[in-house]
Protein chains: 2
Amino acid sequence: MKFVASFPDTLVKGYRPGRVPRAVRSEQLLDLADRLFAERGFHAASMDELARRAGVSKPVIYDHFDSKEQLFATCVRRTGELLADRVATAVREESDPRARLRAGSIAYFRFLQDQLQAWIVLFDDEEMRDARFAAEASRIRRRQSDLMIHLMAETSGTAPDHEGRTRLEAMTLAIAGAYESLSLWWHKHPEVPPEELADWLLDLIWPGLEQLTKHLAASP
Amino acid sequence: MKFVASFPDTLVKGYRPGRVPRAVRSEQLLDLADRLFAERGFHAASMDELARRAGVSKPVIYDHFDSKEQLFATCVRRTGELLADRVATAVREESDPRARLRAGSIAYFRFLQDQLQAWIVLFDDEEMRDARFAAEASRIRRRQSDLMIHLMAETSGTAPDHEGRTRLEAMTLAIAGAYESLSLWWHKHPEVPPEELADWLLDLIWPGLEQLTKHLAASP
DNA sequence: CACAGTAACCTACCACAAGTAGGCTACTAA
DNA sequence: TTAGTAGCCTACTTGTGGTAGGTTACTGTG
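Calculation rules
Residues numbered from 1 in each chain as written. Chains lettered and ligands numbered in written order. Predicted model: local features only at pLDDT ≥ 70, side-chain atom pairs only at ≥ 80, totals over all residues. Heavy atoms only, no water. Near = heavy atom within 4 Å. Polar contact = N/O pair within 3.5 Å; in protein donor to acceptor, adjacent residues only side chain to side chain. Helix = DSSP H or I, 4+ residues; strand = E, 2+ residues; numbered from the N terminus. Salt bridge = Lys/Arg side-chain N within 4 Å of Asp/Glu carboxyl O. Buried < 20%, exposed > 50% of the residue type's maximum accessible area, 1.4 Å probe, protein only. Contact = heavy atoms within 4.5 Å. Axes fitted to C-alpha atoms, helices over the stretch in contact; angles between N-to-C directions. Parallel < 35°, antiparallel > 145°, perpendicular 65-115°, else oblique. Left-handed = near helix turned anticlockwise from the far one by under 90°. Nonpolar A, V, L, I, M, F, W, Y, C, P; charged D, E, K, R; others polar. Phe/Tyr/Trp six-rings, centres within 6.5 Å; stacked < 30°, edge-to-face > 60°. Lys NZ or Arg CZ within 6 Å of the ring centre and 35° of its normal.

### Digging into the protein's contact with DNA strand C
1) Next: Around DNA strand C, 21 residues are found, and the nearest of them are Arg19(A), Lys68(A), Arg22(B), Arg25(B) and Ser57(B).
2) Next: Between Lys68(A) and DNA strand C, the recorded distance is 2.7 Å, taken from a side-chain N or O atom to a phosphate oxygen.
3) Next: Arg19(B) is positioned such that a nitrogen or oxygen atom in its side chain is 3.0 Å from a base nitrogen of DNA strand C.
4) Next: Elements supplying a minimum of two residues to the surface near DNA strand C: α4 (58-64) of chain A together with α2 (22-44) and α4 (58-64) of chain B.
5) Next: Broken down by element, the surface near DNA strand C gets its largest block of residues, three residues, from α4(A).

Okay, structure coming up:
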């Protein structure tokens, strides 16, 4: 009875107090953590508050996740995978290489537009938000990079040699960094539509990228 | 006497115990903080340890800097300004636009190579380092972006209209992001020489960049 | 020279948040 | 009925950013 009585009005709607199965609690905690990190940023979000919002005590959280960092990483990774899916899906709907890249880019920016809440934690800079996110941001970049490499290999047909692959990896990662940085800029210029962003970026990198694929296909 | 007696061997060489003028203490603290942040990362670096290394008590630090974040920001900003200077100097030594960009790029990567220690905090991802650096990293990107815009305006002669400037700002920031991300990759492939990195990146972005300047010069 | 004013510094503390030890409650299955 | 366990809690420890308030030594002025 102490248990039930200890839930005043700090309870988040949609979650009733009391015992729930482990899997459900996990999902609930992840959802709430996502929102909390988005609102406050990593540093300012406290595990106590997460516990309060979930209507649960702190050790419960630590029974599901090893640490605050691991919880954060899990949240970000989930979102990153969703993003990768969206982009991959959009890419698969086109066949011409440039059109594929364009479709992927648009999907990327549209996703950011939708998930702005959750994304701010990773990309906002204006407000001095804390973040232990380098590893996760990097993971996402790598994912986008892999996707690009895969796409290029698929359309060019030939496989580059070792040195070529090294260079290609470097360049796709650089491009992924450009996307990331552009997203950041976009955050302060939301009036620009995703399609225009994509076109700008395509005009910038496509000539060099096309040249690069030709170069790599010719060398081995 | 308590004062002098309280310095066992935790003292960093080159700094004698005892009272020193404010300006000297400030510089000393900044230098030590730079090293400490580089070693441990923002989160794991504690103010207590900084105090210990400086052979000083914590309030002394807070008499010089408002907070840990402000101290960190000051360190990073100092390094960022040094970087900008190096790049700008290198750029000024060339006249052909492409050669200028190349020279700037090489200077950029050379600087990272030298200052690797101090730079890890900002760019390393493999190790889960903490960082409250989004704002500072962004400031550095903006600096590089401004430099590029300046350089392009200088060489093209004409000034773009409002929409053109918006697009140009977005694209140069994207490019700065690409440099940043490439630096990160480089950290795991240090065998690639700076000149090669610069050439890779130039081959990738120069065609699009040249096209962009022409486009912007033609529209108004 | 005396001594006020101040610069540089200290000890001892607070607040707050991550993470833990150990125990309680209620469901389930034999 | 009762053993086992899943889910949960209260009450703590630890570590670290930051502060209050006092002490020491240097410096310029009567």
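### Observations regarding the pattern of salt bridges
1) Next: Tallied over the full model, the rule gives 30 salt bridges over all chains.
2) Next: Among the salt bridges present, the one from Arg78(A) reaches Glu27(A), with a minimum N-O distance of 3.4 Å. Here Arg78(A), found in helix α5 (residues 68-92), pairs with Glu27(A), found in helix α2 (residues 22-44); they are 51 residues apart in sequence, far enough to count as distant.
3) Next: A relative accessible area of 30% places Arg78(A) in the partly exposed class.
4) Next: What makes Glu27(A) partly exposed here is its relative accessible area of 42%.
5) Next: Arg110(B) is the salt-bridge partner of Glu195(B), the closest N and O atoms lying 2.5 Å from each other. A residue pair is termed long-range when its members are at least 10 positions apart, and Glu195(B) in helix α10 (residues 194-218) and Arg110(B) in helix α6 (residues 97-114) qualify at 85 residues.
6) Next: Overall, Arg110(B) belongs to the partly exposed group, its relative accessible area being 41%.
7) Next: What you see here is one network of salt bridges that share partners, running through Glu39(A), Arg40(A), Glu49(A), Arg52(A) and Arg53(A).

### Examining helix α3 (residues 47-54) of chain B
Residues and elements named next belong to chain B.
1) Next: Summarising burial for α3: six of the eight residues are buried, a large majority.
2) Next: Those residues of α3 not exposed but buried are Met47, Glu49, Leu50, Ala51, Arg53 and Ala54.
3) Next: Elements in contact with the buried residues of α3: α2, α4 and α5 (68-92).

### Some words on the protein's contact with DNA strand D
1) Next: The environment of DNA strand D is made up of 21 residues, and the closest members are Arg25(A), Ser57(A), Arg19(B), Lys58(B) and Lys68(B).
2) Next: The protein-proximal atoms of DNA strand D, defined as those within 4 Å of the protein, are 56% sugar or phosphate.
3) Next: A distance of 3.3 Å is found between a phosphate oxygen of DNA strand D and a backbone nitrogen or oxygen belonging to Val20(A).
4) Next: At 2.5 Å from a phosphate oxygen of DNA strand D is found a main-chain nitrogen or oxygen belonging to Ser57(A).
5) Next: Put simply, the parts of the chain that give the surface near DNA strand D at least two residues each are α2 and α4 of chain A together with α4 of chain B.
6) Next: Looking at the surface near DNA strand D element by element, the count peaks at three residues for α4(B).

### Looking at the packing of helix α6 (residues 97-114) of chain A against helix α9 (residues 162-186) of chain A
For any two helices packed against each other, one specifies the crossing angle of their axes together with the interaxial distance.
Residues and elements named next belong to chain A.
1) Next: The contact between α6 and α9 brings their axes to 11 Å, and the two run at 45 degrees. When the axes of α6 and α9 are compared, the pair comes out oblique. Relative to α9, the crossing made by α6 is right-handed. Packed against α6, whose contacting residues are Leu101, Ser105, Tyr108, Phe109, Leu112 and Gln113, the element α9 presents Tyr179, Glu180, Leu182, Ser183 and Trp186 at the interface.
2) Next: In terms of residue class, the contact of α6 with α9 is made up of seven nonpolar, three polar and one charged.

### Structural notes on the side chain of Ser145(A)
1) Next: You can see Ser145(A) is positioned in helix α8 (residues 134-156).
2) Next: Residues contacting Ser145(A), with those up to four places away along its chain left out, are Glu169(A), Thr172(A) and Leu173(A).

### Description of the packing of aromatic side chains
1) Next: Counted according to the given criterion, the structure contains 16 aromatic pairs over all chains.
2) Next: Considering the side-chain rings of Phe109(A) and Trp186(A), the 5.6 Å spacing of their centres and the 80 degrees angle between planes classify their relative orientation as edge-to-face. Here Trp186(A) lies in helix α9 and Phe109(A) lies in helix α6, a separation of 77 residues in the sequence. Judged on exposure class, the residue Phe109(A) and its partner Trp186(A) are both buried.
3) Next: On the basis of an interplanar angle of 25 degrees and a centroid distance of 5.8 Å, the ring pair of Phe109(B) and Tyr179(B) is categorised as stacked. Separated by 70 residues along the polypeptide, Phe109(B) in helix α6 and Tyr179(B) in helix α9 (residues 162-186) bring together distant segments of the chain.
4) Next: Taking relative accessible area as the criterion, Tyr179(B) reaches 7% and is therefore assigned buried.
5) Next: Directly above the ring of Phe42(A) sits Lys68(A), whose terminal nitrogen or CZ lies 4.6 Å from the centroid.

### Thoughts on the environment of Leu202(A)
All names here are of chain A.
1) Next: Considering the arrangement of structural elements, one finds Leu202 in helix α10 (residues 194-218).
2) Next: With relative accessibility at 0%, the residue Leu202 sits in the buried group.
3) Next: Expressed as a C-alpha distance, the spacing of Leu202 and Ala99, which sit 103 residues apart in the sequence, is 9.8 Å.
4) Next: Among residues more than four places away in sequence, those in contact with Leu202 are Arg98, Leu101, Arg102, Ser105, Tyr179 and Pro207.

### A word on the packing of α2(B) against α5(B)
Residues and elements named next belong to chain B.
1) Next: Relative to each other, α2 and α5 sit at 100 degrees, their axes nearing to 10 Å. In terms of orientation, α2 and α5 fall into the roughly perpendicular class. Only Lys68, Glu69, Leu71, Phe72, Thr74, Cys75, Arg78 and Thr79 of α5 make contact with α2, whose side of the interface consists of Glu27, Leu30, Asp31, Ala33, Asp34, Phe37, Phe42 and His43.
2) Next: Of the residues that constitute the contact of α2 with α5, the class distribution is seven nonpolar, three polar and six charged.

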